[in-house]
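# Results of the structural survey
Each chain is listed here by its residues.
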Amino acid sequence: MARIPHLLMGLLLLSCLGAMCDAEYTKYKDPKQPLNARINDLLKRMTLEEKIGQMVQIDRTVASSEVLKKYFIGSVLSGGGSVPAKQASPETWIDMVNDFQKGSLSTRLGIPMIYGIDAVHGHNNVDPELVKKIGAATALEVRATGIPYVFAPCIAVCRDPRWGRCYESYSEDPKIVQAMTEIIPGLQGDIPANSHKGVPSVAGDKKVAACAKHYVGDGGTTNGINENNTVINRHGLLSIHMPAYYNSIIKGVATIMVSYSSWNGKKMHANYDLITNFLKNSLRFRGFVISDWEGIDRITSPPHANYTYSIIAGITAGIDMASPLILLQICDSTFLKRILRVKFVMGLFEKPLADHSLVDQLGSQEHRELAREAVRKSLVLLKNGESADKPLLPLPKKASKILVAGSHADNLGYQCGGWTIEWQGLSGNNITKGTTILTAIKDTVDPKTQVVYKENPDAKFVKSNDFSYAIVVVGEHPYAETQGDSLNLTIPEPGPSTITNVCGNVKCVVVIISGRPVVIQPYLPSIDALVAAWLPGTEGKGVADVLFGNYGFTGKLSRTWFKTVDQLPMNVGDKHYDPLFPFGFGLTTKPTKTN
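Residues numbered from 1 in each chain as written. Predicted model: local features only at pLDDT ≥ 70, side-chain atom pairs only at ≥ 80, totals over all residues. Heavy atoms only, no water.

## Points about the nonpolar core
Counting residues in each nonpolar core, the largest one holds 87 residues, and the members touching the most others are L42, Y115, Y215, I256 and L274. With six residues, helix α13 (residues 333-345) is the largest single contributor of residues to this core. What L274 contacts, discounting residues up to four positions off in sequence, is Y215, V216, R234, L237, M242, W263, M268 and L279. If you look at the next biggest cluster of nonpolar residues, it comprises 31 residues, including L379, I513, V543 and A544. (Core = buried A, V, L, I, M, F, W, Y, C linked by side-chain atoms within 4.5 Å. Buried < 20%, exposed > 50% of the residue type's maximum accessible area, 1.4 Å probe, protein only. Helix = DSSP H or I, 4+ residues; strand = E, 2+ residues; numbered from the N terminus. Contact = heavy atoms within 4.5 Å.)

In structure tokens form, the structure reads like this:
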């Protein structure tokens, strides 16, 4: 009989444990539940304050685990150049992101925050398959630092190279930009076979959520002025600037960022017709729409003149998440659903914290080889000798003495351009690991070939040396956004002087490092061979690979190269189309096995 009370106590204990399990079970935390069921279950549990917090993105400089916990912040970002420490290690990034995340997880509902960062990959005149591989490598390297969300790709159609963000655009031709949206499945993974159109998809913790930007018409502003007004009819907007968004949505892009610019005088951040009616309703985009940095502030002129008005105008237009910190007094659960949907499909509820398992992916040799391949394939040969039967390229590796000159020949920062380490980019060779074009040349030529480097030689120096040939590397200095707007598009001195002094006295190939076409016509008669290298980044060996014939030139211009800036804007298909080098132009060479 003494065993009966123990048995009853055991049954009671099991019953209590069962009841506790039932009480603790939350549908939104169950990955086996349908996506919409999880979203709706979480929404009904959230207070107004928690909903407002999820619609806010703040910069890491004002973030802490305490701030995220207190205000239920939905997202944190690194603004341009915002880093936890100078030359921070992947582990430092991971620890920072995880610290913020722990603040979010300690809230009542434990909704994870999403951390975002720019991953600009600039001008890519390469094939879609390679772009997809670049996207996958980018995803791995971003994830290696603990970050699951990138503000890329930029699918602007740059119609005027005077725009300071033209190098973020793939082309002036919407068809090329559409093809390059293949970077999205590279970043996010391929969408599932049974996926509904417009529903975001992120395939596991080695992929990142992408952000197509800047919606819409940012590349068509008057005179290429950043954040300005795009004057074009609706047909033009939909046929030139909109098509890549169709492809992005079909490929499951998770988020879309709104442009600072206006369309026919209407600020895009306040454009209900294009954000809600067209993007969300007509195109059935189901990810979330995010503002650009302080984009809501800039609805008024001057910015922040009437913040309450701007908030109401932006959120009413259809912006789901505002960046950076704002204080919202309104909240719509339909907007919030989109934010939660992206967080669920990213798997953040199941694996909110990052680990160190991908640290070795950062700057891996495999990824550097991929970048080197992209450099080779994106270089465009614009001139090669005075005639086709007397080409200068490929250059011979065996020569008695060669000259390498120019401000960009031995400057890794200049090769990389803006959005590298810091927002506006840097100058010098100690900013990141990589190979300058000068070093690549020295590594490529025959050991007996003497390589003389002089950044800006005068004509007397060039004449007094018996150089077999010269390689001049000049171009633009790094810039980003408005700071890159240029009405003259000239190469800064001493670039032009170097071209004149060198090419006037020895056979020369000029390599232009720039984010866009620049003024080159005045110097063209003295140049024997001309190469548009764009912004080759850290892999200078990709340039040397084709200069010396290890690989042939194959690249074609994805944008028109003008004669004078007075012709701008000028794009392929225009009535008065008279370029220096037309869209699609590019000479080819064959690789030489023995050089």
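## Some words on the sheet that holds strand β2 (residues 75-78)
In spatial order, the strands read β1-β2-β3-β4; together these four strands make up an open sheet with parallel pairing. The sheet is open, and its two borders are formed by β1 (57-59) and β4 (149-150), each paired with just one other strand. The sheet contact formed by β2 and strand β3 (residues 114-117) spans four bridges and is parallel. Considered in β3, the bridge of S75 is made with I114. Lying over the sheet, helix α5 (residues 90-105) contacts β2 and β3, oriented at roughly 140° with respect to β3. (Pairing = 2+ DSSP bridges. Axes fitted to C-alpha atoms, helices over the stretch in contact; angles between N-to-C directions.)

## Remarks on the confidence of the model for the chain
Chain-level pLDDT for the chain is 93 on average; 93% of the residues reach the 70-or-more range. Low pLDDT, under 50, characterises residues 1-22; the stretch is placed with zero contacts to residues that sit more than four places away or in other chains. (pLDDT = per-residue confidence, 0-100.)

## Here we look at the packing of aromatic side chains
Inspection of every chain in the model, using the stated rule, returns ten aromatic pairs. Between Y215 and Y245 the ring centres are 5.1 Å apart and the planes differ by 85°, which places this aromatic pair in the edge-to-face class. In this pair, Y215 sits in strand β5 (residues 211-215) while Y245 sits in helix α10 (residues 243-250), placing the two residues 30 residues apart along the sequence. Per residue, the accessibility class of Y215 equals that of Y245, and both read buried. With a centroid separation of 5.9 Å and an interplanar angle of 45°, the aromatic rings of W534 and W561 are classed as tilted. One end of the pair, W534, is in strand β16 (residues 529-534); the other, W561, is in the segment after α19 (541-547), with 27 residues separating them in the sequence. By the burial criterion, W534 is buried, and W561 matches it. (Phe/Tyr/Trp six-rings, centres within 6.5 Å; stacked < 30°, edge-to-face > 60°.)

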